[in-house]
Amino acid sequence: MDERDKIDLQFLVIHLIVMFGVFLPPGALFFIQPTIVMGLPIAVWTSWIFAYFYMLIHYTIWGLRRMRLEKKKGG
Amino acid sequence: MEWWIPVAIILTYQVLSSIPGILAYKWFKPRELYDYMSGGKTIGLFAMALSIGATQWSALSFMGFIAFYYLHGVPGWNAMSLGYLLISVGCLYGIMGIRARELAEKYKYVTPSDFVNHFYKDRYLGILVGVMLTICLLPYMQIQLGGVGYILEVASGGRIPFIYGALLLYILIAIYTFLGGLKSIAWVDVAQGFLFLIVALGVGAYMWSLMGGISGINSLAITKPSLFTIPGGIGAMTALYMLSWTIPVQMGWPIQPQIFMRLASIKRKEHIYYIPALMIVAVTGLYFMQQYLTWIAGWIVTPGFKEPDKLLITIAYKNWDPILFGILGAAGVAAMTTSVNSQAHACASVFVNDVLVKIRKFDEKIALLIVRVAMLVVLFIGLCLWFVWPWLLMTLGALSSSIGSLCAVALLPSLFNIRFVTRYGASLGIISGFIVLVYTEFINKYPYGIYSGGWGLLTAVIVCIIVSLLTQKYKPAPLEK
């Protein structure tokens, strides 16, 4: 496994944990469902907005790490 | 409403925005099949990002997704929009895209089958993947042409029968796609994608005011609470169904050739690093928000609407003046044509490059002519299918994407160099997954509350692993880095 694979694997492992642990079932049921049942549909928005910025930040970090690796290889 | 005003705007915009496609041919004439399929790898980040976005903004984003959320409520919204954000973009656009682009640069590969062939050294597996991707694209094209028919029918107050509108669009798309292939399509996508972005913003703002802002959502949550919690408005979206729906559907979209071929054909490898962020900002940020606000506003102003696919255009038809409605219709038709052009191009490319050329070698010029004619034929088949199979748009879209996801068991190992998977494992995984998908969709529908695509993908993965374990002596040779 080279450095490139390591960066991608780290991205994927963190992503899968966050995705199924927070935003999609089964994790989402613990966070979103009770909030909605309590009459707070705003939770739907916040979960989406959190997911949106989480993805932007996570992908930006991945892209920067991959680009830095390419530069290191090129240099 | 003066019916001819929106119709004139829609048709004029379609004709004008097709001109860049013909101009692209003037500057870039495909000389071989590879040029036609990949645009000669001359399409840069900006054009490619807009082209990928425009290809994704289809009849589904304008009609089908809205109907899906209208019926299922927030669980449907989570399955689609969160799923797209987290699975399609999150798992595949970046890390799959960069590997596809790297290998594409080295070996002049374009279609998913090219990568599968290279990895497993098995042309029959490549043909199987090509056939599966051709099958999955046909219903998808049918959706777009059906959507065009819907919009023109509503815009003209039923005066323009579906067939005339769809035929006119067929001719326009056929001309520039026949000539310039991916390059022409990308240029048209840029011209049409812009309008859709602007209209998505406008529709979102209108729906926000129509539903009375955040208080509209809160009041709907009180009057119709089932829309805001599992299992959704019609009681179908349980947690298990949601997962079994979103995983295959969201995996299938980036693997479908019209998107995959773009990722593999972008001008420079580094551009891939920017694509996921652009997709997150534009596709998920703009179009999913517009759809979210539309279904909420739809429930507030027209509760219990019988034809949810037509919700947005019906609200606009009743409340907007003809010019604004014409602009909305033009954006809607643009969203559909930018998808159907790419799908027809990808479907023909896959069929010729992955199936015909693997069976018999052709001279490059002949192959170029065949792929052009094949494009006309598959576009026509898509048009005809609408008459024999006019389903809910989203039902067809999800099915089409799920079929595409089955190819993941062969494609992903080839991109990530997972040598454990053998060609027998991948082939039998795809075939068994497809059989189970068809069985659980058409014969024994959704057993145990699991979506047919979920059954298909699960079967494909399990069979692939078991057969690969049993056939380890046939595992592929390591790929060069």
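Conventions and cut-offs
Residues numbered from 1 in each chain as written. Chains lettered and ligands numbered in written order. Predicted model: local features only at pLDDT ≥ 70, side-chain atom pairs only at ≥ 80, totals over all residues. Heavy atoms only, no water. Salt bridge = Lys/Arg side-chain N within 4 Å of Asp/Glu carboxyl O. Helix = DSSP H or I, 4+ residues; strand = E, 2+ residues; numbered from the N terminus. Buried < 20%, exposed > 50% of the residue type's maximum accessible area, 1.4 Å probe, protein only. Contact = heavy atoms within 4.5 Å. Buried area = accessible area lost by both parts, 1.4 Å probe. Polar contact = N/O pair within 3.5 Å; in protein donor to acceptor, adjacent residues only side chain to side chain. pLDDT = per-residue confidence, 0-100.

Chemist: Pulling in residues and values, what's your account of the pattern of salt bridges?
Modeler: In this structure the tally under the stated criterion is 14 salt bridges over all chains. A salt bridge links Glu102 of chain B to Arg4 of chain A, with the shortest nitrogen-to-oxygen separation between them at 2.4 Å. Taken together, the residues span two chains, with Glu102 of chain B in helix H6 (residues 95-107) and Arg4 of chain A in helix H1 (residues 3-23). Classification of Arg4 of chain A by relative accessible area gives buried; the value is 14%. Glu441 of chain B is the partner of Lys445 of chain B in a salt bridge, and the nearest nitrogen-oxygen pair spans 2.9 Å. The exposure class of Lys445 of chain B is partly exposed, given its relative accessible area of 47%. Via salt bridges that share partners, Arg4, Asp5, Asp8 and Arg66 of chain A together with Arg99 and Glu102 of chain B belong to a single interconnected network.

Chemist: So what about the interface of chain A and chain B? Which residues, and what values?
Modeler: With 35 residues of chain A in contact, the opposing surface of chain B contributes 45 residues. In this assembly, chain A packs against chain B so that about 3,500 Å² is buried in total across both faces, 72% of it on carbon and sulfur atoms. For Arg99 of chain B, the salt bridge is made with Asp5 of chain A, and the minimal N-O distance between the two is 2.9 Å. There are 10 residue pairs in polar contact (both at pLDDT 80 or more) connecting chain A and chain B. Those elements that place two or more of their residues in the side of chain A that touches chain B are H1, helix H2 (27-37) and helix H3 (42-74) of chain A.

Chemist: I'd love a proper account of the confidence of the model for chain B, names of residues and values included.
Modeler: Residue and element names in this part refer to chain B. Here chain B shows a mean pLDDT of 87. Residues at 70 or above account for 97%. Per-element confidence in chain B is highest for helix H21 (residues 452-470), whose mean pLDDT is 96, and lowest for helix H18 (residues 393-406), whose mean pLDDT is 81. With a pTM of 0.89, the predicted complex shows an ipTM of 0.86.

Chemist: How would you explain the environment of Ile185 of chain B if you had to name every residue and give the values?
Modeler: Residue and element names in this part refer to chain B. Relative to the assigned elements, Ile185 resides in helix H10 (residues 182-210). C-alpha of Ile185 to C-alpha of Asn341: the two residues are 156 residues apart in sequence and 6.7 Å apart in space. Filtering out sequence-adjacent residues up to four positions away, Ile185 remains in contact with Tyr176, Thr177, Arg262, Asn341, Ser342 and His345.

Chemist: Explain unusual backbone geometry to me, using residue names and the numbers behind them.
Modeler: In this structure, Pro26 of chain A follows Pro25 of chain A across a cis peptide bond, with omega equal to 10 degrees. Summarising the element assignment, Pro26 of chain A is placed in the loop between H1 and H2. In this structure, Tyr448 of chain B takes a positive phi of about 55 degrees despite not being glycine. Residue position: Tyr448 of chain B is located in the loop between helix H20 (423-443) and H21. On the basis of relative accessible area, Tyr448 of chain B is assigned to the exposed category, the value being 72%.

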